[in-house]
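Spelled out, the chains give:
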Amino acid sequence: MTDVYLRGLGFAPTDETNKASRPTFSQAWRYQHQRVAQDGARLFIEHPLGIDCCRLSAVAAPLAAQDVFATLPLHDEAGLETAVAAYYAAHGGVGPLAPHTSPSMYRPYRRQE
């Protein structure tokens, strides 16, 4: 799976602020689908470091097994398309564009002298 392929399916990286500090695509990545489901659920896909698969979830960084609804080999494009369609079917269909959220930037307090 490549960045161009995932973007073609409607996914976008969850963090595009500082691309230089992000791991390379072959190491680890996380994307969010640009559309929410009809019931408001969001769809995330990620490839964790050191694991030869990708997983689909309704949460950005699933830690519990029940949060992951599909685990696929990295190059199973047909399986990914089927899993995305099944996700939206289970949540009432494809809904509107997800609201854009900008990540919070840590800015230390500077004392006025």
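Above this text sits the structure in question.
Please read these numbers as outputs of a predicted model, since none were measured by experiment. (Residues numbered from 1 in each chain as written. Predicted model: local features only at pLDDT ≥ 70, side-chain atom pairs only at ≥ 80, totals over all residues. Heavy atoms only, no water.)

With respect to the element layout, S57 can be found in strand β5 (residues 53-57). Here D67 takes part through its backbone oxygen, which lies 2.7 Å from a polar atom of the side chain of S57. (Helix = DSSP H or I, 4+ residues; strand = E, 2+ residues; numbered from the N terminus. Polar contact = N/O pair within 3.5 Å; in protein donor to acceptor, adjacent residues only side chain to side chain.)

Let's shift gears to the sheet that holds strand β6 (residues 68-73). Pairing within the open sheet is antiparallel, and its 5 strands lie in the order β1-β2-β4-β5-β6. Looking along the sheet, the strands with just one partner apiece sit at the ends: β1 (11-13) and β6. Sheet twist, expressed as the mean angle between neighbouring strand axes with direction ignored, is 25°. As paired elements, β1 and strand β2 (residues 29-33) share 3 bridges and run antiparallel to each other. In the strand pairing of β2, F11 is matched with H33. Across the face of the sheet, helix α2 (residues 77-90) comes into contact with β1, β2, β4 (44-47), β5 and β6 while running at roughly 170° to β6. (Pairing = 2+ DSSP bridges. Axes fitted to C-alpha atoms, helices over the stretch in contact; angles between N-to-C directions. Contact = heavy atoms within 4.5 Å.)

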